[in-house]
Amino acid sequence: MALEIEPMRSVGGSMPNGTDDLFTVTESLPLFADDIGVERRTVEDWRYTANRWPEGRRKEGVSFTVHRILASVADEDERWAAIEDAPFNPRTGARQWTPDGAKRVVGQRVDRPVTVDEKVQAVADLTRDDEVAAQVATDLLKRPAVTEHVTPAERVRVVTELTRDDSVAQQVTTDLLRRPAVARTAMRDDTTRMLVNRPQFDNSHETRDRIRERTPSVRAIEHTIEYLDLVGPCHGFVATLGRLVPQLRGQEFTEDERETVRRQIGRVRAAADWLEGALDNGEFTLDEQLVQLLKGE
């Protein structure tokens, strides 16, 4: 009836130039919709569907809704052929048109998902809100049968996303490293081991600084220890030479061996000069030439 009231007009707008019609399409259809108590959009759907399905092409026994959905098939021959090929309805066990069956033909989302892809799409639609998605994800991950199907790579990705917050990452890392098998495997990686050892050193240094601030006597004790650490090797070196040099009497060395010893003496002398400069002038840095000499380069 909507098509009879307002037939589809030729290209040129709701009222092509040169016509004397009293009402335009945009005026006529809302009036009709108001008269019969329906939305204008509903009347437009009726008109569009009726135009896409001439009376001789309509399929008896197939609902208007299916005709309306299949009306979106652009090619007429494909449209006529589509309505003749009803899909199998697993609920009734027969080939039968349903709105969802028609939506599958034209690629629209179904109201009652059946396949895995349809169900996944439905869940995605319902979880567009982040708060809803978070709750659903939490509930799903509590089901062991679900987590078993998640690939290792996907699990790593999920954990990475969930630990972007530093406080969360710290807690998770602490808990993981308390598992011996995990800690043992992780420490086999050189980079991981270095990144773990460095913070340990930094933490020890910070702890030592705090203790120094709270207990001034600690610094005096450390100074004594550092002094002993410095004097001890010097004394040990001299004492060692005092034992070894007298034993060299009668020993014969090749020229290569003597040259090697001379190079080592040069390194010792350079190190001693460095130490003396540090004590006298407070110069603790190494220049490039001294570094090369101490390394034997």
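All chains use their own residue numbering, which begins from 1 and follows the written sequence. Restriction of local features to residues with pLDDT of at least 70 applies here, the model being predicted, together with a cutoff of 80 or more for giving and counting side-chain atom pairs; totals for whole chains, interfaces and linings are based on all residues. Heavy atoms from the whole structure form the basis of all side-chain values; hydrogens and water molecules are not counted.

It is worth spelling out the overall build of the protein chain at this point. Scanning the protein chain for helices and strands turns up 16 helices and 2 strands. Across the 297 residues that make up the protein chain, the buried fraction comes to 15%. In what follows, a contact means two residues having at least one pair of non-hydrogen atoms within 4.5 Å. Taking all contacts inside the protein chain whose residues are at least 6 apart in sequence as the whole, residues at least 24 apart take part in 28%. Areas reported here follow the Shrake-Rupley algorithm with a probe of radius 1.4 Å; residue values treat only the protein chains shown as occluding. For the protein chain, the computed accessible surface area is about 23,200 Å², with 55% contributed by carbon and sulfur atoms. Numbering goes from the N terminus for both helices and strands, where a helix is a DSSP run of H or I of at least four residues and a strand is a run of E of at least two. Per-residue accessibility, obtained with a 1.4 Å probe over protein chains only, is compared with the maximum for each type, and a residue is labelled buried under 20%, exposed over 50%, and partly exposed between these values.

It is worth spelling out the pattern of salt bridges at this point. Only one rule defines a salt bridge in this text: a Lys or Arg side-chain nitrogen within 4 Å of an Asp or Glu carboxyl oxygen. This structure, assessed with the given rule, holds 15 salt bridges. A salt bridge links Glu44 to Arg41; its shortest N-O distance comes to 3.7 Å. On the criterion of helical spacing, the pair formed by Glu44 and Arg41 is a turn pair, its members being 3 residues apart in helix α3 (residues 40-52). Given the relative accessible area of 57%, Arg41 is considered exposed.

A patch consists of residues exposed above 30% relative accessible area that lack any salt bridge, with like charges linked at up to 9 Å and nonpolar side chains (Val, Leu, Ile, Met, Phe, Trp, Tyr) linked at up to 5 Å. Residues scored as charged are limited to Lys and Arg (positive) and Asp and Glu (negative), so that His and the chain ends carry no count. A single reference atom marks each charge: NZ on Lys, CZ on Arg, CG on Asp, CD on Glu. Together, Asp75, Glu76, Asp77 and Glu78 make up a region of like negative charge exposed at the surface. By the element assignment, Asp75 lies in the loop between α4 (64-70) and α5 (76-84).

In this section: the nonpolar core. Here the nonpolar core consists of buried residues drawn from Ala, Val, Leu, Ile, Met, Phe, Trp, Tyr and Cys, with membership extended through side-chain atoms lying within 4.5 Å. Core analysis: the biggest nonpolar cluster contains 11 residues, these being Trp53, Val62, Val66, Ile69, Leu70, Ala71, Trp80, Ile83, Ala86, Trp97 and Ala102. Elements supplying a minimum of two residues to this core: α4 and α5. At 3 residues, α4 tops the list of elements feeding residues into this core. Other than its neighbours up to four places away in sequence, Ala71 contacts Tyr48, Arg52, Trp53 and Arg79.

Our focus in this paragraph is α3. An expected span of 1.5 Å times one less than the residue number is assigned to each helix. Its 13 residues give α3 an end-to-end C-alpha distance of 18 Å, which sits within 8% of 18 Å, the value for a rise of 1.5 Å per residue. Among the residues making up α3, those that are buried are Val43, Arg47, Thr49, Ala50 and Arg52.

Here we come to the confidence of the model for the protein chain. Confidence of the predictor at the level of single residues is given by pLDDT, which spans 0 to 100. Summary statistics for the protein chain give a mean pLDDT of 79 and a share of 81% for residues scoring 70 or more. Considering only residues more than four positions removed or in separate chains, one finds that residues 1-6, a stretch of pLDDT under 50, has 17 contacts. Every residue in residues 11-18 is under pLDDT 50, and counting partners more than four places away or in other chains gives 10 contacts.

Structurally, Arg52 can be placed in helix α3. For the buried residue Arg52, which engages in no salt bridge, the nearest side chain bearing the opposite charge is Glu76, 6.2 Å off. Pairs of N or O atoms are called polar contacts if they sit within 3.5 Å, as long as, within protein, a hydrogen donor faces a hydrogen acceptor (for residues adjacent in sequence, only side-chain-to-side-chain pairs). In terms of polar contacts, Arg52 uses its side chain to reach the backbone carbonyl oxygen of Ala71, at 2.9 Å.

On the surface, Phe237, Val238, Leu241, Val245, Leu248, Phe253 and Val268 cluster together into a nonpolar patch covering about 590 Å² of accessible area. Top contributing element to the nonpolar patch by residue count: helix α14 (residues 216-244), with 3 residues.

On to the side chain of His67. Mapped onto the elements, His67 comes out in helix α4. Beyond its immediate sequence surroundings of up to four residues, His67 is in contact with Thr49, Trp53, Arg58, Lys59, Val62 and Ile83.

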